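Architecture and fold: a report
Here is what each chain is made of, one letter per residue.
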Amino acid sequence: MKIKFILNGKKTVVDVPGGMRLIDLLREKLNLTGTREGCGKGECGACTVLLDGKPVNSCLILAAQVDGRDILTIEGLQKGDSLDPVQRAYIDTAAVQCGFCTSGFILATKSLLNENPDPLDEEIKRGIAGNLCRCTGYAKIFDAVKTAAEYIKEEN
Amino acid sequence: MIPEIEYIKETELDLALQHLASDKKVIPFAGGTDVLIELRKSKNPFDRKALLDVKGLGLNDIYIHSDTVIIGAASTHTEVEDNEIIKSKLPVLTKASSLIGSKQIRNRGTIGGNIINASPCADTVPALLLYDAQIVIRSLSEDRTVPLSEFITSPYETVLQKDELVTEIRAFPVAEDYGWGYYKLGRRGAVNISRMTVAALMKVDGEGKINEIRVSAGSVFPITSRISDVEKMLVGEKPKAEIFRRAGEIAAEKMIETSGRRWSTPYKESVVKELIVRVLNEAYSRCKNDDLS
């Protein structure tokens, strides 16, 4: 079936089989491999994308279900040559080790800070609870979220 | 990838119901957080040929109609958690919805799906049982309303027929002087499949005695249910540690009577006792009674 949606700010029309998951569409058909598949059942958050601005697991959505909607993946975050403040914060605080979970964390952080520009520690925990990282121990990720909040404030 | 399956989306309820009534094997789904996982587990576990997306049917209104809270079955856990009517009228449900999975899951999974999937550890069910929830079911031939307490017939099984769709959940709020408690026990703090869930609503009268009490438990019995033996024992008693402990013992006895002694019993027996005490204490601490000093 043919679906039309906004992908990273661009109108996209693509033909998809009924049973195709969004993550498969992104990775296999559109070569957007920044979105990762970890567990395939909604526990690890590596496949997180923003659907109409809200974080969802792209392994638990059919491609057909995003018809008419807006999808943002990690590839759509940077504006021209400049990285998004959240991306900069993750780099500057060294909140990345193997990097497999990072796309998901950055998008979860982006959505958290859009809703709540100044989150408390507990709110950060709740905001990124759907993302697992097996390398960092999360301390650096906390730093990244707080740094990102500051970068965003500086920009505004 | 998911095996070849047709995807159908309708924006009108009658058209959706026509698909369900047809000879074709059609499975309705909303968030997909359970259904898509099941579909991938084996080649075609549902032995169905098509998926019917009910997200376009507008079944996500939440409103009050003559003292009944009506919740569209396809309301996401996020929509339920953030809803002001539910916060003030059904606080136990707000709490239950807020503890489900992760933000990603709550943004997709729905209250109807949580009930229909009928897992013994479904988080919204113990909360909804406290509010005597009813499940509104529609099909082309008949509309019917079934109490939640009769809707789930065994783990992962419900009374829902192939041609039927759950469209809304009705819940009946209690007065503001009721206190409530909800405890979800899990192995970690988030993205957590409940090990056990206990919920309670309590009202204390002018003499400081328990006037009305409702207690429900998930993952304690094969079907999540109210524990009427505990409720009966507590009515008329003064809320105190000894009575709450007795309530926990009755719940544990009832659990063993229903499910037998299983490998998990030594753990669950002591845990259910403790959780009942905690939830009753929590509910009592929220009871508002001006007559009590």
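This report concerns the structure included in the present document. (Residues numbered from 1 in each chain as written. Chains lettered and ligands numbered in written order. Predicted model: local features only at pLDDT ≥ 70, side-chain atom pairs only at ≥ 80, totals over all residues. Heavy atoms only, no water.)

Details of the nonpolar core
Residue and element names in this part refer to chain B.
- One finds Ile-71, Leu-148 and Phe-151 to be the most contacted residues of the largest nonpolar core, which totals 37 residues.
- Among the elements that take part in this core, helix α8 (residues 124-130) stands out by supplying five residues, more than any other.
- Here this core spans two domains, and each of domain 2 (58-171) and domain 3 (179-286) adds at least three residues to it.
- Discounting residues that sit within four places of it in the chain, Leu-148 has contacts with Ile-115, Val-125, Leu-128, Leu-129, Ala-133, Gln-134 and Ile-135.
- Among the nonpolar cores identified, the runner-up in size contains 33 residues, and Val-230, Met-233, Met-255 and Ile-276 belong to it. (Core = buried A, V, L, I, M, F, W, Y, C linked by side-chain atoms within 4.5 Å. Buried < 20%, exposed > 50% of the residue type's maximum accessible area, 1.4 Å probe, protein only. Helix = DSSP H or I, 4+ residues; strand = E, 2+ residues; numbered from the N terminus. Domains from an automatic or database assignment. Contact = heavy atoms within 4.5 Å.)

Regarding helix α11 (residues 241-259) of chain B
Residue and element names in this part refer to chain B.
- The end-to-end C-alpha distance of α11 is 27 Å, a good match for the 27 Å that 19 residues give at a rise of 1.5 Å each.
- Of the positions making up α11, those classed as buried are Ile-243, Phe-244, Ala-247, Gly-248, Ile-250, Ala-251, Ala-252, Met-255 and Ile-256.
- In the core, the buried residues of α11 are packed alongside β12 (196-204), β13 (210-218), α10 (228-234) and α12 (265-286). (Expected span 1.5 Å × (residues − 1).)

A word on the environment of Lys11(A)
All names here are of chain A.
- Tracing the backbone shows Lys-11 in strand β2 (residues 10-15).
- It is 13 Å that separates the C-alpha atoms of Lys-11 and Leu-30, two residues lying 19 residues apart in sequence.
- Beyond its immediate stretch of four places on either side in the chain, Lys-11 contacts Phe-5 and Ile-6.

Here's the deal with the sheet that holds strand β6 (residues 134-138) of chain B
Residues and elements named next belong to chain B.
- Reading across the sheet, the five strands line up as β4-β5-β10-β6-β7 and stay open at both edges, with antiparallel pairing between neighbours. Of all the strands in the sheet, just β4 (62-65) and β7 (143-147) have a single pairing partner and so form its edges. Going across the sheet, the axis of each strand differs from the next one's by a mean of 25 degrees, ignoring polarity.
- Strand direction decides the pairing type here: β6 and β7, joined by five bridges, are antiparallel. Along β7, the bridge assignment pairs Ile-137 with Arg-144.
- Helix α1 (residues 13-21) rests against β6 and β10 (165-171) of the sheet, and its axis sits at about 120 degrees to β10. (Pairing = 2+ DSSP bridges. Axes fitted to C-alpha atoms, helices over the stretch in contact; angles between N-to-C directions.)

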